[in-house]
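Spelled out from the first residue to the last, the chains are:
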Amino acid sequence: MKEKKVPFVKTAKPLKIVSGEKIEAVGTVTERKKVSVKSEIQGIVRTVKYKENASIKKDDIIAMIDDSSAVLSRSQALTELEIANSNLDRAQYSIEEKRIELKKTIIESKSRYDSAVVKNRQSAADYERAKKLDVIDAITKEDFENYRSAMERAKVEADSAEKSLIAVVETI
């Protein structure tokens, strides 16, 4: 028999070749890091602003949310705030008016009281003089009674003015 010649095959160690070619393979991809994406407002996603497999950085807009209900709520809240501020302004104005009115009433009551006290002192002094004149019969009984009545009326008026002043001050 004739011997067949076996071709000479040289073996070599595999080389690593870097190529720009695509390599298709079957496998499973798992994320290295999970990221939660949250919206600051509630709403329905209107448009998506990123492409699949694109890199996303912090503060990138990835979706637009229909915020019409939030805008409406904000507008209503601003209107309610304006109304509340207006009511507050009116209330503060009303309080200031009441404060001025109360000061005026206090001043009037104090003035009435001061006048009544002066009148009471003067009437008491007049009555004391009338008593001295009555002792020496230098005054008529009618004039003496007039001084006594005037003193009593002045005393009642002073007491009334004092009670009114106290009532006004107690309302503060």
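Since this is a predicted model, take the numbers as computed values, not measurements. Residue numbers here run from 1 along each chain, matching the order of that chain's written sequence. At least 70 in pLDDT is required for a residue's local features to be given in this predicted model, at least 80 for side-chain atom pairs to be given and counted, and no such filter applies to totals for whole chains, interfaces and linings, which use all residues. By convention in this description, side-chain values take in all heavy atoms of the structure and omit both hydrogens and water.

J.: Now, about the environment of Lys-141: what can you tell me, with residues and values included?
T.: Secondary structure counts use DSSP, requiring at least four H or I residues in a row for a helix and at least two E residues in a row for a strand, with both numbered from the N terminus. Inspection of the secondary structure assignment puts Lys-141 in helix α2 (residues 141-170). When a residue's accessible area, from a 1.4 Å probe over protein chains only, is under 20% of the maximum for its type it is buried; when over 50% it is exposed; and in between it is partly exposed. Accessibility expressed as a relative area gives 57% for Lys-141, which makes it exposed. Along the backbone, Lys-141 and Ala-130 are 11 residues apart, and their C-alpha atoms lie at a distance of 9.8 Å. Nitrogen and oxygen atoms within 3.5 Å of one another constitute a polar contact, given that in protein one can donate a hydrogen and the other can accept it, and given that sequence-neighbouring residues count only through two side-chain atoms. One polar contact links Lys-141 to Asp-134, side chain to side chain, over a distance of 3.3 Å.

J.: Explain helix α1 (residues 68-135) to me, and be specific about the residues and the numbers.
T.: Along an α-helix, residues three or four positions apart point the same way, because every turn accommodates 3.6 residues. An expected span of 1.5 Å times one less than the residue number is assigned to each helix. The end-to-end C-alpha separation of α1 is 99 Å, in line with the 100 Å expected for 68 residues at 1.5 Å each. All buried positions along α1 are accounted for by Ser-109, Ala-116, Val-117, Asn-120, Ser-123, Asp-126, Tyr-127, Ala-130 and Asp-134. Residue contacts are counted whenever heavy atoms from the two residues lie within 4.5 Å of one another. Where α1 is buried, its residues touch α2. The first or second residue beyond α1 is Asp-137, which carries a positive phi of 55°.

J.: Mind laying out the pattern of salt bridges, listing which residues take part and the relevant values?
T.: Salt bridges are defined by distance alone: a side-chain nitrogen of Lys or Arg within 4 Å of a carboxyl oxygen of Asp or Glu. Within the structure shown, the criterion is met by nine salt bridges. With a closest N to O distance of 2.2 Å, Arg-129 and Asp-126 form a salt bridge. Of the two residues, Arg-129 and Asp-126 both sit in helix α1, three residues apart, roughly one turn of that helix. Residue Arg-129 is classed as partly exposed on the basis of its relative accessible area, which comes to 47%. Notably, a salt bridge pairs Glu-128 with Lys-131, separated by 3.4 Å at the nearest N-O pair. Of the two residues, Glu-128 and Lys-131 are both situated in helix α1; the distance of three residues between them amounts to about one turn of the helix. For Glu-128, a relative accessible area of 39% translates into the label partly exposed.

J.: Describe in detail the pairing of strand β1 (residues 44-48), supporting the description with residues and values.
T.: With zero of five residues buried, β1 is to be regarded as a mostly surface element. Pairing of β1 with strand β2 (residues 63-66) involves four bridges; the strand directions are antiparallel. In the sheet register, Val-45 faces β2, and the bridge partner there is Ile-65. By definition, two strands form a pair when at least two bridges between them are found by DSSP.

J.: Give a description of the nonpolar core that names residues and reports values.
T.: Among the buried residues, those of types Ala, Val, Leu, Ile, Met, Phe, Trp, Tyr and Cys that are joined through side-chain atoms within 4.5 Å form a nonpolar core. Membership of the largest hydrophobic core is limited to five residues, which are Tyr-127, Ala-130, Ile-139, Phe-144 and Met-151. Secondary structure elements with two or more residues in this core: α1 and α2. Apart from residues no more than four positions distant in its own chain, Ala-130 is found in contact with Ile-139, Phe-144 and Tyr-147.

J.: Can you explain the packing of α1 against α2? Please cite residues and give values.
T.: Note on geometry: axes are lines fitted to C-alpha atoms, helical ones only across the stretch in contact, with angles between N-to-C directions running from 0 to 180 degrees. Where α1 contacts α2, the two axes come as close as 7 Å, and the packing angle between them is 155°. It follows from the interaxial angle that α1 and α2 lie roughly antiparallel. The crossing of α1 and α2 is left-handed. Comment on the angle field: the value is read as roughly parallel under 35 degrees, roughly antiparallel over 145, roughly perpendicular from 65 to 115, and oblique elsewhere. Whether a crossing is left-handed or right-handed is set by the direction in which the near helix is turned from the far one by less than a right angle, anticlockwise for left-handed and clockwise for right-handed.

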